[in-house]
Amino acid sequence: MTDKIEHQGRVEMVEDGHVRVSIMQQAACVGCKARSMCTSSENKERIIDVYEPDALQKRHVGDIVNVCGALSMGKTAVRLAFGVPVVIIAVWLCVAVVFLHLGEGMSVGILGAVLAVYFYILYMNRGKMARKFAFWIEDTNKIEDTNN
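Worth saying up front: this structure is predicted, and the values here are computed from it rather than measured. For every chain, the first residue of its written sequence is number 1, and the numbers climb from 1 along that sequence. It should be noted that, the model being predicted, local features are given only for residues of pLDDT at least 70 and side-chain atom pairs only at 80 or more, the latter also being counted only at that level, while totals for whole chains, interfaces and linings use all residues. Side-chain measures here rest on the full set of heavy atoms in the structure, leaving out hydrogens and waters.

A few points about the side chain of S107
And step 1. Relative to the assigned elements, S107 resides in helix α3 (residues 104–124).
And step 2. Between buried and exposed lies partly exposed: a residue is buried under 20% and exposed over 50% of the maximum accessible area for its type, with that area taken using a 1.4 Å probe on protein chains only. The class for S107 is buried, based on a relative accessible area of 1%.
And step 3. In the analysis that follows, any N or O atom pair within 3.5 Å is treated as a polar contact, provided that within protein one partner can donate a hydrogen and the other can accept it, and provided that, for residues neighboring in sequence, both atoms belong to side chains. In this structure the side chain of S107 is engaged in a polar contact, spanning 2.8 Å, whose partner is the backbone oxygen of G103.
And step 4. S107 has contacts with W92, L93, A96, V97 and L102, leaving out every residue within four places of it along the chain. Helix and strand definitions here come from DSSP, where helices need a minimum of 4 consecutive H or I residues and strands a minimum of 2 consecutive E residues; each element is numbered from the N-terminal end. Any two residues whose heavy atoms approach within 4.5 Å are treated as being in contact.

Thoughts on the packing of helix α2 (residues 71–99) against α3
And step 1. Orientation is described by lines fitted to C-alpha atoms, with helices fitted over the stretch in contact, and by angles between N-to-C directions that extend from 0 to 180 degrees. One can describe the packing of α2 onto α3 by two numbers: an axis separation of 10 Å at closest approach and a directional angle of 150°. As far as their axial angle goes, α3 and α2 are roughly antiparallel. You can see that α2 and α3 cross each other, and the crossing is right-handed. Along its contact with α2, which presents L80, A81, V84, P85, I88, I89, W92, L93, A96 and V97, the element α3 presents S107, I110, L111, V114, L115, Y118, F119 and L122.
And step 2. Lys, Arg, Asp and Glu make up the charged group, whereas Ala, Val, Leu, Ile, Met, Phe, Trp, Tyr, Cys and Pro make up the nonpolar group; the residues left over, Gly among them, are polar. Across the contact of α2 with α3, the residue classes tally to 17 nonpolar, one polar and no charged. Just so you know how the angles are binned, under 35 degrees is roughly parallel, over 145 roughly antiparallel, 65 to 115 roughly perpendicular, and the rest oblique. Throughout, a crossing is termed right-handed when the near helix is turned clockwise from the far one, and left-handed when it is turned anticlockwise from it by less than a right angle.

Okay, structure coming up:
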């Protein structure tokens, strides 16, 4: 199994050191025959920012490229967004109700404040995380080349 996630996309914008790629995110049930009857199937356009030092020389608007990211990057993001908060919730509610004998209302109120602080810390460290959660581009054929 590879440690890489790939999505094909089209270059939307190129600046010095920065490429913006539009990818079409498709639901897992895209091949399902009942898709037209289902409300959960949806396609969404996503914009991915990729930072490349020599972007102006290598990329052009309209190029078809593969945007790649490490699978471990996604796992870390899920842990930070969901895993840590679930642990905070479980531990805090046990401590607050069992050991501190706080009421449910007070416990949940303090929990909301604790989670707000946690997500604020994540937000304030978004620059550090942007360097850790970096995407890269692997070239594919341009649209003009696929028609030949």
